[in-house]
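Overview (structure and organization)
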Amino acid sequence: MFAVQVLLMPLALLALQASLCRGACVEVDSDTEAVENEGFKLGCISCKKRGEVAATATVDWYFKAQDETDYTHIYTYADESGEVFDDRFFGRLDWNGSKRTRDLQDGSIYLLNVTHNDTGTYRCFFSRNLIFNLRVEYEFQTITTKTVVLNVVPRRTRGLASIVAEVMMYVTIIGLQIWLVVEMIYCYRKIAAAGEEALRESA
């Protein structure tokens, strides 16, 4: 029983430490191809360079259709609340970014029931106030812009890289299986030859 407790102690300590960990932020570009009548995530990630610095952020999204020349303000998220401004997106836009915090790093939104009219250019503006607590509190504002050029297609298409990767995966699997069979045959023959030689020596 004591041995089991000794083995479980490191796991318990690890579980306590894991709850204190924070996930890392990685800026990944958004996908750019949406399928008609399906949902689509418009990605917008802006990582804070200094994790120990307190900050607040707001996110604004703008849209310019293919036949338009100016951007239209379609969505804003601030103080843990989002608001849609454009009639074309009422009931179809939902917040898909950072939750339960004003220190936003993920400003993604989710577009429901994509139509061909949603094709165009989307711009995401990250407005972040960095709060430095020195002798006097000091705020510094930064603005980051991300652009997503969205193309809406009737059905999902596979890229060349995906097809090549799948073919290479099957080729690798088959190659490894052939190598395993060859190794088994080689080992079997070697063991059989050693057995025959041992029989001859004992005779």
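Up top is the structure.
Below is a short write-up of the structure. (Residues numbered from 1 in each chain as written. Predicted model: local features only at pLDDT ≥ 70, side-chain atom pairs only at ≥ 80, totals over all residues. Heavy atoms only, no water.)

1. Comments concerning the state of the cysteines
Working definition: the covalent bond between the sulfur atoms of two cysteines is a disulfide. For the record, the criterion: Count a disulfide wherever a pair of cysteine sulfur atoms falls within 2.5 Å. Note on conventions: DSSP H or I runs of at least 4 residues are helices, E runs of at least 2 residues are strands, and numbering of each starts at the N terminus. Accessible area is worked out with a 1.4 Å probe on protein chains only. A residue is then buried under 20% of its type maximum, exposed over 50%, and partly exposed in between.
Summed over all chains, the structure comprises two disulfides. Through a disulfide, Cys25 is tied to Cys47; the S-S separation comes to 2.0 Å. Residues Cys25 and Cys47 are joined by a disulfide whose S-S torsion is about -85 degrees; by sign, that bridge is left-handed. Taken as a pair, Cys25 in the loop between α1 (2-18) and β1 (33-35) and Cys47 in the loop between β2 (40-42) and β3 (54-65) lie far apart in primary sequence, 22 residues in all. Judged by relative accessible area, which is 10%, Cys47 ranks as buried. Between the sulfur of Cys44 and that of Cys124 lies a disulfide, 2.0 Å long from S to S. Judged by the sign of its S-S torsion, about -70 degrees, the cystine formed by Cys44 and Cys124 is left-handed. On the criterion of sequence distance, the pair formed by Cys44 in the loop between β2 and β3 and Cys124 in strand β8 (residues 120-133) is long-range, its members being 80 residues apart. Neither residue differs from the other here; Cys44 and Cys124 are each classed as buried. Each bonded cysteine of the chain is numbered by sequence order, and under that numbering the disulfide pairs are 1-3, 2-4.

2. A word on the pairing of strand β4 (residues 72-78)
For clarity, the threshold we go by: In this scheme, strands are said to pair when DSSP sees at least two bridges between them.
Two elements, β3 and β4, share five bridges in a ladder whose sense is antiparallel. For Asp60, the partnering residue across the bridge sits in β4 and is Thr76. Between β3 and β4, which pair antiparallel and follow one another directly, the connecting turn spans six residues. Relative to strand β5 (residues 81-84), β4 is paired through four bridges, and the arrangement is antiparallel. Looking across to β5, one finds that Ala78 is bridged to Ser81. Linkage of β4 to β5, two consecutive antiparallel strands, is achieved through a turn of two residues, within which Asp79 is found at a positive phi near 55 degrees.

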